[in-house]
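A structural walkthrough
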Amino acid sequence: LPANGFAHLRRQAAALEASRPRLDACCDHRGALPCARRAWTEVLDEFCADEFGVKTRQFHCCRQLGAA
């Protein structure tokens, strides 16, 4: 990606990269699905916190609440 602009894509890519080790760690757990759900939720929470930290329009999923 170019050095200027495309920050929203960098934040999305960073969230996907952050999810990989967390989801990989869940493969060794007995409750892999609950572990993966927690890991994904944590990654999305961090992504949305980053999204709300900038003045651009936030990704649509960050405006949803709960299980949505």
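As annotated in an unreviewed UniProt entry, the chain carries the name ECM1 protein and is attributed to Eubucco bourcierii. Regarding the chain, the relevant UniProt record gives this comment under Subcellular location (unreviewed entry): "Secreted".

**A word on the side chain of Glu51**
Structurally, the position occupied by Glu51 is in helix α2 (residues 32–52). In terms of polar contacts, Glu51 uses its side chain to reach the side chain of Arg11, at 2.5 Å.

**Some words on the state of the cysteines**
Among covalent bonds in proteins, the disulfide is the one between the sulfur atoms of two cysteines. Going through the model one piece at a time under the given rule, you end up with one disulfide. The side chain of Cys26 participates in a disulfide bridge whose partner is Cys35; the two sulfur atoms lie 2.1 Å from each other. As the torsion about the S-S bond is roughly -75 degrees, the Cys26-Cys35 disulfide counts as left-handed. Since its relative accessible area comes to 2%, Cys26 is described here as buried. Cysteine Cys27 shares no disulfide, and the gap to the nearest cysteine sulfur, in Cys26, comes to 7.2 Å. For Cys27, a relative accessible area of 60% translates into the label exposed.

**Thoughts on the environment of Phe47**
Looking at the secondary structure, you find Phe47 in helix α2. Residues Phe47 and Cys62, spaced 15 residues apart in sequence, show a C-alpha to C-alpha distance of 8.3 Å.

**With respect to the environment of Ala25**
By secondary structure assignment, the location of Ala25 is in helix α1 (residues 7–26). The spacing of Ala25 and Ala36 is 11 residues in sequence and 8.7 Å in space, taken between C-alpha atoms.

What counts as what
- Residues numbered from 1 in each chain as written.
- Predicted model: local features only at pLDDT ≥ 70, side-chain atom pairs only at ≥ 80, totals over all residues.
- Heavy atoms only, no water.
- UniProt positions renumbered as here; feature names shortened; annotations may be inferred.
- Helix = DSSP H or I, 4+ residues; strand = E, 2+ residues; numbered from the N terminus.
- Polar contact = N/O pair within 3.5 Å; in protein donor to acceptor, adjacent residues only side chain to side chain.
- Disulfide = S-S within 2.5 Å.
- Buried < 20%, exposed > 50% of the residue type's maximum accessible area, 1.4 Å probe, protein only.

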